[in-house]
Amino acid sequence: MADTKQVDETADAKRAAKAERTAARLAKRISTFSQAHGGAEGQVAHLGERGARIVLVGEDGGWGDLVAPSVEIAAKAVEKSGITVHENFDGEFAAKVTTGPYEWTRMAGIQVGGPRNT
(Lines give C-alpha, C1' and ligand atoms only; values in the text may rest on other atoms or scores of the structure.)
Protein backbone atom coordinates (compact mmCIF):
# COMPACT_ATOMS: atom_id res chain seq x y z
CA MET A 1 0.00 0.00 0.00
CA ALA A 2 2.83 2.40 0.79
CA ASP A 3 4.34 1.89 -2.67
CA THR A 4 1.09 2.92 -4.35
CA LYS A 5 0.85 6.05 -2.22
CA GLN A 6 4.40 7.04 -3.13
CA VAL A 7 3.71 6.52 -6.85
CA ASP A 8 0.51 8.59 -6.61
CA GLU A 9 2.30 11.41 -4.81
CA THR A 10 5.07 11.41 -7.43
CA ALA A 11 2.54 11.48 -10.27
CA ASP A 12 0.59 14.29 -8.59
CA ALA A 13 3.77 16.30 -8.11
CA LYS A 14 4.68 15.86 -11.78
CA ARG A 15 1.20 16.96 -12.90
CA ALA A 16 1.36 20.00 -10.63
CA ALA A 17 4.81 20.95 -11.94
CA LYS A 18 3.63 20.58 -15.54
CA ALA A 19 0.54 22.72 -14.84
CA GLU A 20 2.76 25.39 -13.25
CA ARG A 21 5.09 25.44 -16.29
CA THR A 22 2.11 25.69 -18.64
CA ALA A 23 0.62 28.59 -16.64
CA ALA A 24 3.99 30.38 -16.64
CA ARG A 25 4.35 29.93 -20.41
CA LEU A 26 0.82 31.27 -21.01
CA ALA A 27 1.44 34.20 -18.62
CA LYS A 28 4.55 35.12 -20.58
CA ARG A 29 2.56 35.14 -23.84
CA ILE A 30 -0.19 37.22 -22.21
CA SER A 31 2.37 39.72 -20.90
CA THR A 32 4.00 39.95 -24.35
CA PHE A 33 0.59 40.67 -25.91
CA SER A 34 -0.13 43.27 -23.24
CA GLN A 35 3.18 45.06 -23.82
CA ALA A 36 2.66 45.07 -27.59
CA HIS A 37 -0.84 46.57 -27.30
CA GLY A 38 -0.36 49.18 -24.56
CA GLY A 39 -1.99 47.01 -21.89
CA ALA A 40 -4.61 44.32 -22.03
CA GLU A 41 -7.70 42.89 -20.42
CA GLY A 42 -8.98 39.34 -20.66
CA GLN A 43 -11.76 36.86 -20.12
CA VAL A 44 -11.54 33.13 -19.46
CA ALA A 45 -14.19 30.88 -21.04
CA HIS A 46 -14.63 27.16 -20.39
CA LEU A 47 -14.34 25.07 -23.57
CA GLY A 48 -15.42 21.72 -22.16
CA GLU A 49 -12.95 18.86 -22.49
CA ARG A 50 -10.59 20.99 -24.57
CA GLY A 51 -9.83 23.31 -21.66
CA ALA A 52 -10.32 27.07 -21.50
CA ARG A 53 -10.02 29.99 -23.88
CA ILE A 54 -8.31 33.16 -22.75
CA VAL A 55 -9.57 36.09 -24.85
CA LEU A 56 -7.26 39.11 -24.77
CA VAL A 57 -8.16 42.66 -25.80
CA GLY A 58 -5.43 45.27 -25.99
CA GLU A 59 -5.84 48.94 -25.15
CA ASP A 60 -5.36 49.68 -28.86
CA GLY A 61 -8.29 47.42 -29.82
CA GLY A 62 -6.14 44.53 -30.99
CA TRP A 63 -7.28 41.14 -29.83
CA GLY A 64 -6.25 37.52 -29.70
CA ASP A 65 -6.79 34.36 -27.77
CA LEU A 66 -4.96 31.46 -26.20
CA VAL A 67 -6.16 28.00 -25.20
CA ALA A 68 -5.20 26.50 -21.85
CA PRO A 69 -5.67 22.84 -20.92
CA SER A 70 -7.96 23.75 -18.00
CA VAL A 71 -9.83 26.66 -16.45
CA GLU A 72 -7.57 26.44 -13.40
CA ILE A 73 -4.40 26.81 -15.49
CA ALA A 74 -5.96 29.67 -17.47
CA ALA A 75 -6.93 31.47 -14.26
CA LYS A 76 -3.43 31.00 -12.86
CA ALA A 77 -1.91 32.35 -16.10
CA VAL A 78 -4.00 35.54 -16.15
CA GLU A 79 -3.29 36.05 -12.45
CA LYS A 80 0.48 35.74 -13.05
CA SER A 81 0.32 38.14 -15.99
CA GLY A 82 -1.42 40.82 -13.91
CA ILE A 83 -4.09 41.77 -16.45
CA THR A 84 -7.65 42.72 -15.57
CA VAL A 85 -10.01 39.76 -15.99
CA HIS A 86 -13.71 40.12 -16.83
CA GLU A 87 -16.46 37.64 -15.98
CA ASN A 88 -18.16 38.04 -19.38
CA PHE A 89 -17.24 39.23 -22.84
CA ASP A 90 -19.83 41.97 -23.15
CA GLY A 91 -20.46 45.67 -22.66
CA GLU A 92 -17.55 48.08 -22.55
CA PHE A 93 -15.04 45.24 -22.69
CA ALA A 94 -16.38 43.84 -25.97
CA ALA A 95 -16.68 47.35 -27.41
CA LYS A 96 -12.88 47.76 -27.14
CA VAL A 97 -12.30 45.18 -29.90
CA THR A 98 -11.31 46.65 -33.26
CA THR A 99 -12.13 44.57 -36.31
CA GLY A 100 -10.72 45.01 -39.76
CA PRO A 101 -11.21 43.70 -43.29
CA TYR A 102 -9.80 40.28 -42.41
CA GLU A 103 -12.36 39.66 -39.69
CA TRP A 104 -15.25 40.87 -41.85
CA THR A 105 -14.16 38.65 -44.71
CA ARG A 106 -13.56 35.54 -42.61
CA MET A 107 -16.36 35.76 -40.05
CA ALA A 108 -19.17 37.84 -41.51
CA GLY A 109 -18.33 38.50 -45.15
CA ILE A 110 -20.60 35.89 -46.61
CA GLN A 111 -23.63 37.04 -44.59
CA VAL A 112 -23.25 40.74 -45.47
CA GLY A 113 -22.33 40.31 -49.12
CA GLY A 114 -18.55 40.09 -48.77
CA PRO A 115 -16.33 37.85 -50.83
CA ARG A 116 -16.89 34.11 -50.58
CA ASN A 117 -14.40 32.18 -48.47
CA THR A 118 -14.40 28.92 -50.41
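Calculation criteria
Residues numbered from 1 in each chain as written. Predicted model: local features only at pLDDT ≥ 70, side-chain atom pairs only at ≥ 80, totals over all residues. Heavy atoms only, no water. Buried < 20%, exposed > 50% of the residue type's maximum accessible area, 1.4 Å probe, protein only. Helix = DSSP H or I, 4+ residues; strand = E, 2+ residues; numbered from the N terminus. Arc of directions from axis to C-beta. Core = buried A, V, L, I, M, F, W, Y, C linked by side-chain atoms within 4.5 Å. Contact = heavy atoms within 4.5 Å. Polar contact = N/O pair within 3.5 Å; in protein donor to acceptor, adjacent residues only side chain to side chain. Salt bridge = Lys/Arg side-chain N within 4 Å of Asp/Glu carboxyl O. pLDDT = per-residue confidence, 0-100.

A. Spatial organisation of helix H2 (residues 71-81). Here H2 has its buried residues at Ile73, Ala74, Ala77, Val78 and Ser81. Around the axis of H2, the buried residues are gathered within 130° of arc, so they sit on the same side. Of the residues in H2, the exposed ones pointing more than 90 degrees away from the buried face are Glu72 and Glu79. Among the residues trailing H2, Gly82 stands out with phi positive, at a value near 80°.

B. Structural context of the nonpolar core. If you look at the biggest cluster of nonpolar residues, it comprises 15 residues, and the most contacted ones within it are Leu26, Ile30, Ile54, Leu56, Leu66, Ala68 and Ile83. The set of elements that each furnish at least two residues to this core consists of helix H1 (2-36), strand S2 (52-58), strand S3 (63-68) and H2. Those residues in contact with Ile83 that sit more than four places away from it in its chain are Ile30, Ser34, Ala40, Glu41, Gly42, Leu56 and Val78.

C. Highlighting the side chain of Glu41. Here Glu41 shows up in strand S1 (residues 40-46). Overall, the relative accessible area of 10% leaves Glu41 in the buried class. Among the polar contacts listed, one links the side chain of Glu41 to the side chain of Lys96, at a separation of 2.2 Å. In this structure Glu41 touches Val55, Leu56, Val57, Glu59, Ile83, Thr84, His86, Phe93 and Lys96, once residues within four positions along its chain are discounted.

D. Region of interest: the pattern of salt bridges. The full count for this structure, using the stated rule, is 6 salt bridges. The partner of Lys80 in a salt bridge is Glu20, and the shortest N-O contact between them spans 2.6 Å. Pair noted here: Lys80 is in helix H2 and Glu20 is in helix H1, with a separation of 60 residues, a long-range link. On the basis of relative accessibility, which here comes to 45%, the residue Lys80 falls in the partly exposed class. When its relative accessible area of 32% is taken as the criterion, Glu20 is described as partly exposed.

E. Structural view of the confidence of the model for the protein chain. Across the protein chain, the average pLDDT comes to 87, with 84% of residues at or above 70. Mean pLDDT values for the elements of the protein chain range from 71 in helix H4 (residues 101-108) up to 97 in H2.

F. Representation of the side chain of Gln43. In this fold, Gln43 is placed in strand S1. A distance of 3.4 Å separates a polar atom in the side chain of Gln43 from the backbone oxygen of Glu87. Beyond its immediate sequence surroundings of up to four residues, Gln43 is in contact with Arg53, Ile54, Val55, Val85, His86, Glu87, Asn88, Phe89 and Phe93.

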